[in-house]
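Structural overview for review
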Amino acid sequence: MNISQPITVKEAAELLGLSYKGNGNLLITGINEIHKVRNGDLTFVDVPKYYKKALSSDASFIIINKDIQFPEGKAILISEDPFHDYNRLVTYFMPEENPWHNTYARGENVLTGKDVQIYPGVVLGRDIKIGDGAVIYPNVVIYDNAIIGENVIIHANTVIGGHAYYYKNRKTHYEKLISCGRVILENDVEIGASCTIDKGVSGDTIIGAHTKLDNQVHIGHGVVIGKRCLIGAQVGIGGKTIIEDDVILWGQTGVTKDVTIGAGAVVSAQSGVSKSLEGGKAYFGTPARELRKVQKEMAWVRIKAEEESGIRSQESSEL
């Protein structure tokens, strides 16, 4: 992004409480990620293998976690946590505020904590508790009996607490099992845009602290997701599944109902989880299997195909 009122390197260092090397009077005119930087931009780097890429990029200023040699004409700001300080600078120049307070619908017994931001078009049911610092973007719908923790972020058009997809086959029709459970979003959870999280049939659907959902994710009834999980876009998780702590499900992964995915498991994009998976391993495919085994099998198939192709080419040349 461009900065409407550029500041000097020295001013930025003072703002962030950092030391700097280089010409402190140079003006920072933009803030960008490394793959988008232009001359005059500030970026950050916190991984040693990317130091060279950042320092040789078009960026004029780099927040970095090491006192290091840098090209002439640039400046560095030395930080213990460049990622965090980059965010602080972005927030300083682009603060996000909600100017439309109290323009949403709410039922009875809705309790909101301090510094909660609720945008226009939000609909809140009854008996809902929202913790301090939560942000609820436009057109979010939260059904009755939900608990939203502190610093939770819910992006636009998401539905929290829809009824469970649970029916009895009566031959002539399907009779719906009425849902009376809750949805609980623990502290520091972030829910992307257009997600749907169903309430439990009689228990709770729970999203653990610090877990982050991308856009268009569906969470079925009674699912329990642990802490610090990452759920990619268009993932679907069937009812009553348990996702333990630190699990990563990449985009478009499908998870059947009533299974457990162990702590620290990583499931690659477009995989299908049809049974419980052991924690601490990487998986891929439909049905999802250990990634290393799948890769070995794929390599073996490729080698055999190349050998077969070579034999056929030799036979053709002999003819």
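Residues numbered from 1 in each chain as written. Predicted model: local features only at pLDDT ≥ 70, side-chain atom pairs only at ≥ 80, totals over all residues. Heavy atoms only, no water.

Considerations on the sheet that holds strand β3 (residues 27–31)
- The strand order across the open sheet built from six strands is β1-β3-β4-β5-β6-β2, with neighbouring strands paired in mixed fashion. Edge positions in the sheet fall to β1 (2–8) and β2 (19–21), since each has one partner strand and no second. Within the sheet, the average angular offset between the axes of one strand and its neighbour, ignoring direction, is 35°.
- Across two bridges, β3 lies against strand β4 (residues 41–45) in parallel orientation. Paired with Ile31 across the strands is Leu42, a residue of β4.
- Where helix α1 (residues 9–16) meets the sheet, it contacts β1, β2, β3, β5 (61–64) and β6 (75–78), and its direction lies at approximately 90° from that of β1. (Pairing = 2+ DSSP bridges. Helix = DSSP H or I, 4+ residues; strand = E, 2+ residues; numbered from the N terminus. Axes fitted to C-alpha atoms, helices over the stretch in contact; angles between N-to-C directions. Contact = heavy atoms within 4.5 Å.)

Some thoughts on the nonpolar core
- Core analysis: the biggest nonpolar cluster contains 45 residues, and Ile142, Ile154, Leu185 and Leu249 have the highest contact counts within it.
- Mapped by element, the contributors of at least two residues to this core are β11 (128–130), β14 (146–148) and β19 (182–185).
- Here Ile154 is in contact with Val135, Ile136, Tyr137, Val140, Ile142, Ile148, Ile160, Leu185 and Ile191, once residues within four sequence places are set aside.
- Core analysis: the second largest hydrophobic core is formed by 16 residues, Ile7, Leu42, Ile63 and Tyr86 among them. (Core = buried A, V, L, I, M, F, W, Y, C linked by side-chain atoms within 4.5 Å. Buried < 20%, exposed > 50% of the residue type's maximum accessible area, 1.4 Å probe, protein only.)

Concerning the side chain of His221
- With respect to the helices and strands, the residue His221 is situated in the loop between β24 (218–219) and β25 (224–225).
- Using a relative accessible area of 10% as the deciding quantity, one classes His221 as buried.
- Once residues lying within four places of it in the same chain are set aside, the contact partners of His221 are Ala164, Tyr165, Tyr166, Asp198, Lys199, Gly200, Val201, Thr205, Gly239 and Lys240.

A look at a nonpolar patch on the surface
- Together, Tyr165, Tyr167 and Tyr174 line one region of the surface with nonpolar side chains, adding up to about 440 Å² of accessible area.
- Mapped onto the elements, Tyr165 comes out in the loop between β16 (159–162) and β17 (167–169).
- Relative accessible area serves as the criterion here: at 70%, Tyr165 is assigned to the exposed category. (Patch = residues over 30% accessible without salt bridge, like charges linked within 9 Å, V, L, I, M, F, W, Y side chains within 5 Å. Areas by Shrake-Rupley, 256 points an atom, 1.4 Å probe, with all protein chains shown as cover. Salt bridge = Lys/Arg side-chain N within 4 Å of Asp/Glu carboxyl O.)

With respect to the pairing of strand β22 (residues 204–207)
- Because side chains alternate across β22, one face comprises the buried residues Thr205 and Ile207, and the other comprises Asp204 and Ile206, none of which is buried.
- Note that β19 and β22 share four bridges and pair parallel. Bridged to Val183 within β22 is Thr205.

Description of α1
- By the burial criterion, the buried members of α1 are Val9, Ala12, Ala13 and Leu16. Projected down its long axis, α1 carries its buried residues within an arc of 100°, all on one side.
- Taken together, the buried residues of α1 touch β1, β2, β3, β5, β6 and α3 (82–93).
- Downstream of α1 by a residue or two, Gly17 has a phi angle that is positive, lying close to 70°. (Arc of directions from axis to C-beta.)

Thoughts on the pattern of salt bridges
- Counted by the stated rule, this structure contains 14 salt bridges.
- Where Glu175 meets Arg170, a salt bridge forms, and the shortest distance between an N and an O atom there is 2.9 Å.
- Overall, Glu175 belongs to the partly exposed group, its relative accessible area being 37%.
- A relative accessible area of 41% places Arg170 in the partly exposed class.
- One salt bridge in this structure joins Glu290 and Lys281, with 3.3 Å as the shortest N-O distance.
- The class for Glu290 is partly exposed, based on a relative accessible area of 24%.
- Ionic contacts of the salt-bridge type, sharing partners, join the residues Glu278, Lys281, Glu290 and Lys293 into one network.

Things to note about the packing of aromatic side chains
- All chains considered together, the criterion is met by five aromatic pairs.
- With a centroid separation of 4.9 Å and 45° between ring planes, the pair formed by Phe44 and Tyr86 is classed as tilted. In this pair, Phe44 sits in strand β4 while Tyr86 sits in helix α3, placing the two residues 42 residues apart along the sequence.
- One aromatic cluster is present, formed by Phe44, Phe83 and Tyr86 through successive ring pairs. (Phe/Tyr/Trp six-rings, centres within 6.5 Å; stacked < 30°, edge-to-face > 60°.)

A closer look at α3
- Under the 1.5 Å per step criterion, the end-to-end length of α3 is 17 Å for 12 residues, consistent within 8% with the ideal 16 Å.
- Those residues of α3 that are buried lie in contact with α1, β3, β4 and β5. (Expected span 1.5 Å × (residues − 1).)

Looking at the sheet that holds strand β32 (residues 266–267)
- Overall, mixed pairing links the 10 strands, which are arranged β9-β12-β15-β20-β23-β26-β29-β32-β34-β35 in an open sheet. Because the sheet does not close on itself, it has two edges, and the strands there are β9 (117–118) and β35 (289–290).
- In terms of strand pairing, β32 meets strand β34 (residues 282–284) through two bridges, oriented parallel. By the bridge assignment for β34, Val267 is matched with Tyr283.

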